[in-house]
Amino acid sequence: MDYDKLKEWLRERNIGVVPKESMRVRGYDVDTYRKLAKQTENVDYDCDFHDGICHGLALGAPGCCMHCASAFGYWQKEGGAIDDDTLRKIAEFFDERTGFLREGAGCIIPRELRSPTCLYIFCSDAKMSGEERLLLYKIQYGANWS
Ligand code: SF4
Ligand code: SF4
């Protein structure tokens, strides 16, 4: 979607767009948050469908990306705001019907641009190391968590 159109779409849903410098994501500045988020590329969430398994769907619940569009990739949970730099980077990928989710391809935005909720939610930690779980806690509970 066009950036300005998306900004208006967000305004109608009470999601503000703020300068990158003033945005805090769970207490982290945006660049620090992105570094943490990028590290999740190495985490095995046990739901990459290589073996055809989405535990949520298998249990009869919707998979966690099903509400991507209405939740705006769960960025709506971050204090009702998103920073302008992230928005510019992800705007073109947003589809009003499917959000950032594409059938057969999954999520089409890079991990460093995904919201915390998209990164710390998991149904199974069977394939995660202790360090990887720690990384997800850091993302979930934020800069003030120790
Ligand atoms: S976290 Fe659970 S519901 Fe979400 S995609 Fe993975 S297995 Fe499916
Ligand atoms: S991981 Fe991607 S597709 Fe899934 S809810 Fe988040 S932004 Fe949407």
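Refer to the structure printed above.
Conventions we followed
Starting from 1, residues in each chain are numbered consecutively following that chain's sequence as written. Chains and ligands are labelled by the order in which they are written, letters from A for the one and numbers from 1 for the other. Owing to the predicted nature of the model, reporting of local features is limited to residues with pLDDT of at least 70; listing and counting of side-chain atom pairs is limited to 80 or more, with chain, interface and lining totals taken over all residues. Helix numbers and strand numbers start at the N terminus; a helix is a DSSP run of H or I with at least 4 residues, a strand a run of E with at least 2. Here a residue counts as buried when 20 or more other C-beta atoms sit within 10 Å of its C-beta, as exposed when there are 12 or fewer, and as partly exposed otherwise, the C-beta atoms being derived from the backbone. Here, residues touch in the contact sense if the C-beta positions derived from the backbone fall within 7 Å of one another. In this text, near has one meaning. A residue is near a molecule or strand if its C-beta atom, placed using the backbone, is within 6 Å of it. Here the nonpolar group is Ala, Val, Leu, Ile, Met, Phe, Trp, Tyr, Cys and Pro; Asp, Glu, Lys and Arg are the charged ones; every other residue, Gly included, is treated as polar. Helix axes are fitted to C-alpha atoms over the stretch in contact, other axes to C-alpha atoms as well, and angles between N-to-C directions run from 0 to 180 degrees. Crossings are assigned a handedness: left-handed for a near helix turned anticlockwise from the far helix by less than a right angle, right-handed for a clockwise turn. As used here, a nonpolar core is made of buried Ala, Val, Leu, Ile, Met, Phe, Trp, Tyr and Cys residues. They are joined through C-beta atoms within 7 Å. Here, expected helix span is obtained from the residue count minus one, scaled by 1.5 Å. Directions drawn from the helix axis to the C-beta atoms are what define this arc.

A.B. asks: Describe the overall build of the protein chain, and please don't skip the residues or the numbers.
C.D. replies: Along its length, the protein chain carries 6 helices and 6 strands. Each helix and strand of the protein chain, ordered N terminal to C terminal, gives the series α-β-β-β-α-α-β-α-β-β-α-α. Buried positions account for 21% of the 146 residues belonging to the protein chain. Sequence-distant contacts, at least 24 apart, represent 73% of the contacts inside the protein chain between residues at least 6 apart.

A.B. asks: Can you break down unusual backbone geometry residue by residue, with the values?
C.D. replies: Look at Phe72: it is not a glycine, yet its phi comes out positive at around 45°. Tracing the sequence through the fold places Phe72 in the loop between α3 (55-58) and β4 (81-83). Residue class for Phe72 comes out buried when judged on the 23 C-beta atoms lying within 10 Å of it. For Tyr74, which is not glycine, the phi dihedral falls at a positive 65°. Mapped onto the fold, Tyr74 is located in the loop between α3 and β4.

A.B. asks: Any details on the site of ligand 2? Residues and values, ideally.
C.D. replies: The full set of residues close to ligand 2 is Cys65, Cys68, Gly73, Tyr74, Gly99, Phe100, Leu101, Cys107, Ile109, Arg114 and Cys118. Residues that form the shell around ligand 2 fall into these classes: 8 nonpolar, 2 polar and 1 charged.

A.B. asks: Lay out the packing of helix α2 (residues 30-39) against helix α6 (residues 130-141) in plain terms, naming residues and giving numbers.
C.D. replies: It is the contact of α2 with α6, at a shortest axis distance of 10 Å, that shows an interaxial angle of 145°. Crossing geometry of α2 relative to α6 is assigned as left-handed. Contact residues: α2 offers Leu36, Ala37 and Gln39, while α6 offers Leu135, Lys138 and Ile139. Among the residues making up the contact of α2 with α6, the classes are represented as 4 nonpolar, 1 polar and 1 charged.

A.B. asks: Break down the nonpolar core for me, with residues and values.
C.D. replies: Residues Leu6, Leu10, Cys65, Cys68, Phe72, Trp75, Ile82, Leu87, Ile90, Phe94, Phe100 and Leu113 constitute the largest nonpolar core, which totals 12 residues. Not counting the four nearest positions on each side in its chain, Phe72 is found in contact with Leu10 and Ile15. One finds Val25, Tyr33, Ala37 and Leu135 within the second-largest nonpolar core, a separate group that totals 10 residues.

A.B. asks: Lay out α6 in plain terms, naming residues and giving numbers.
C.D. replies: Because each turn of an α-helix spans 3.6 residues, side chains separated by three or four positions in sequence point in the same direction. For α6, which comprises 12 residues, the first-to-last C-alpha distance of 16 Å matches the rise-based estimate of 16 Å (1.5 Å per residue) to within 8%. Looking only at α6, the buried set comprises Leu135, Leu136 and Ile139. Buried residues of α6, viewed axially, fall in a sector of 95°; they line one side. Turned more than 90 degrees from where α6 packs its buried face, Gly130, Glu131, Leu134 and Tyr137 sit exposed. Of the residues flanking the end of α6, it is Gly142, one or two places downstream, whose phi is positive at about 85°.

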